[in-house]
Amino acid sequence: MTTTQDPAAAAERCTPEFRRNPHPVYEHLRDNQPVCPMKPPHGIDTYLITRYEDARAALSDPRLSKDMYGAMDAYRRIFGDSSVALDDHMLNADAPKHTRLRKLVNSGFTPRRVEALRPKIQGITDMLLDACPKREAFDLLPAFAFPLPITVICELLGVPQDERSDVQTWSTTVAQTGFSEESKRAQQQAEESLHRYFSDLIARKRSHPEEDLLSALTEARDKDGGLTENELVSTAFLLMFAGHKTTAYLIGNAVQHLLSHPAQLRAVQDDPELMGRAVEEVLRYDGSVESATFRFATEDVEMSGTRIPKGSLVQIAITSANRDPRKFDSPDEFDVSRPDNAQNAHVGFGNGSHYCLGAPLARMETQIALTSLLGRFPRLAFADPAQEPAWLQVPFPAFRGLSALPVVLEP
Ligand code: HEM
């Protein structure tokens, strides 16, 4: 089967070939069918957007709604009933509800608040690197890339240390998007466990408030009625969910591409000041969010000559937009020294009112992770340089990441 012969079908099915390298399919779609009609397994008419300018416009177009209660029927067909209890949060809402919920959480994520977390993040990073095996092959993802962001978000929210591994297991299960009955059942159970867990944790924060984000949000609920109990539980879930795999996969993708491009790796090692740009280039070249979350058309929308009928779902391929030659020079080149303005133009964190709330945190975590890893282990290497990268095989392309990253740490 060749994906390039049937790009629309490939984009729907996510064949192993597509997962390994989606770029030829996306290039074909950008050139030939930039707003491509699809019939995904859930059966609802969906349009896939692949060009940069269309993607930016669609991400912030108020006619493309994020209010899942306006599309409840479609939503239940895609995700089932159970997630509804956890999904009453800003990413599933339009203004004014979106504005209200985002404002409540925003204060925890300002650049200043995030900067204050730096010593803590550095400490967690050092501890994880201390514990990694040395001079022998091991998988960097479970040993380093995954525990770092989950520990940081648990610290931020105030999840006690001995309860973190359960939370991590449940959120991993929830993120394993699948359409089979078995995978839906597993997700449902994990969602119920998370719902119970966060409801209980909020009750504890209520009676014993601490210096953490969940205590602050609980106070906002109780004192000012700023959000409902269900919105509170859902917001805790969103932060856990949105801040975990995204950052973990980005760290993995960064290591994968730096090790595969020795001249770029050397440039970063010779000039650590380049690290900020290198992280932006990874977000552009192979960021960890392949598709933005669903939008649905509240009226007919015209885009690049295609009519998206009212009621359709819209999927925005961030991975494709960030490689659009209409926007980026030599987009398929991984170049950590791209001019600043080109790098910051990527849509790896989205665009518009739903632009990633955690972007400053994700940037800082990834920069600290890479600087520490490469600083302590300058001869970091693939365990088997001849081995093909193990890109995630998922039935729905929400994340772009690796399923394993075997490396050797040489001090
Ligand atoms: C490299 C890591 C990350 C990437 C690539 C990423 C990417 C994104 C993207 C593309 C969106 C927009 C989705 C859409 O419009 O459909 C988004 C939204 C969001 N992200 Fe991130 N994210 C990352 C890390 C984080 C972290 C660490 C947090 C918080 C702890 C976070 C919290 C959020 C939240 C709350 C939203 C929803 C914002 C809203 O609806 O207003 N993200 N993220």
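Each value, and the rule that gives it
Residues numbered from 1 in each chain as written. Predicted model: local features only at pLDDT ≥ 70, side-chain atom pairs only at ≥ 80, totals over all residues. Heavy atoms only, no water. Axes fitted to C-alpha atoms, helices over the stretch in contact; angles between N-to-C directions. Helix = DSSP H or I, 4+ residues; strand = E, 2+ residues; numbered from the N terminus. Parallel < 35°, antiparallel > 145°, perpendicular 65-115°, else oblique. Left-handed = near helix turned anticlockwise from the far one by under 90°. Contact = heavy atoms within 4.5 Å. Nonpolar A, V, L, I, M, F, W, Y, C, P; charged D, E, K, R; others polar. Donors = N, O, S within 2.8 Å, 3.2 Å for Na, K, Ca; no water. 1 Å grid on protein atoms, 1.4 Å probe; cavity = no way out; pocket = protein on both sides within 12 Å on 5 of 7 lines; lining within 4 Å. Points joined across faces, edges and corners; volume = space filled by probe spheres on them. Near = heavy atom within 4 Å. Polar contact = N/O pair within 3.5 Å; in protein donor to acceptor, adjacent residues only side chain to side chain. Pairing = 2+ DSSP bridges.

Undergrad: What should I look at first to understand the packing of helix H13 (residues 213-224) against helix H14 (residues 229-242) in this one?
TA: Packed helices, taken two at a time, are described by the angle their axes make and the gap between the axes. With their axes 10 Å apart at the nearest point, H13 and H14 run at an angle of 160° to one another. When the interaxial angle is binned, H13 and H14 end up roughly antiparallel. In the packing of H13 onto H14, the handedness of the crossing is right-handed. In this structure, H13 uses Leu 213, Leu 214, Leu 217, Thr 218 and Arg 221 to contact H14, whose residues at the interface are Glu 229, Leu 232, Thr 235, Ala 236 and Leu 239. A breakdown of the residues in the contact of H13 with H14 according to their chemical character gives six nonpolar, two polar and two charged.

Undergrad: I tried to follow the coordination of the iron atom of the ligand on my own but got confused; where do I start?
TA: For a metal with four tetrahedral donors the ideal donor-metal-donor angle is 109.5 degrees, while six octahedral donors give ideal angles of 90 or 180 degrees. Just one protein ligand coordinates the iron atom of the ligand, and it is Cys 356 (SG) at 2.3 Å. If you trace the backbone, Cys 356 turns up in the loop between helix H19 (340-344) and helix H20 (359-376).

Undergrad: Sorry if this is basic, but what is going on with the layout of surface pockets here?
TA: Empty space among the atoms becomes visible once a probe the size of a water molecule is rolled across them. The space that makes up the largest pocket amounts to roughly 370 Å³. Around the largest pocket, the lining comprises 15 residues; the ones closest to its centre are Arg 113, Leu 156, Glu 211, Asp 212 and Leu 213. Counting only elements with at least two residues in the lining of the largest pocket, the list comes to helix H10 (147-157) and H13. Per element, the largest residue contribution to the lining of the largest pocket is four residues, and it comes from H13. Each pocket or cavity is described by its volume, and for the second largest pocket that value is around 210 Å³. Around the second largest pocket, the lining is made up of 13 residues, and of these Met 127, Pro 147, Thr 151, Gln 161 and Arg 164 lie nearest the centre.

Undergrad: Would you explain the site of the ligand in this entry?
TA: Neighbouring residues of the ligand: 29 residues in total, closest His 98, Thr 293, Arg 295, His 354 and Cys 356. One of the side-chain nitrogen or oxygen atoms of His 98 is found 2.6 Å away from an oxygen atom of the ligand. Contact distances for the ligand include 2.7 Å between an oxygen atom and a side-chain N or O atom of Arg 295. Mapped by element, the contributors of at least two residues to the shell around the ligand are helix H6 (97-106), H14, helix H15 (245-260) and H20. Within the shell around the ligand, the residues separate by chemical class into 16 nonpolar, eleven polar and two charged.

Undergrad: I would appreciate a short explanation of the sheet that holds strand E2 (residues 46-49) in the present structure.
TA: Remark on secondary structure: sheet strands pair via backbone hydrogen bonds, oriented parallel or antiparallel. Read across the sheet, five strands follow the order E1-E2-E8-E5-E3 without closing on themselves; strand pairing throughout is mixed. The sheet is open, and its two edges are formed by strand E1 (35-38) and strand E3 (64-65), each paired on a single side. Here E2 runs beside strand E8 (residues 313-316); their pairing, made up of four bridges, is parallel. If you follow Ile 49 over to E8, its bridge partner there is Ile 316.

Without other data, these values stay purely geometric and don't point to any function.
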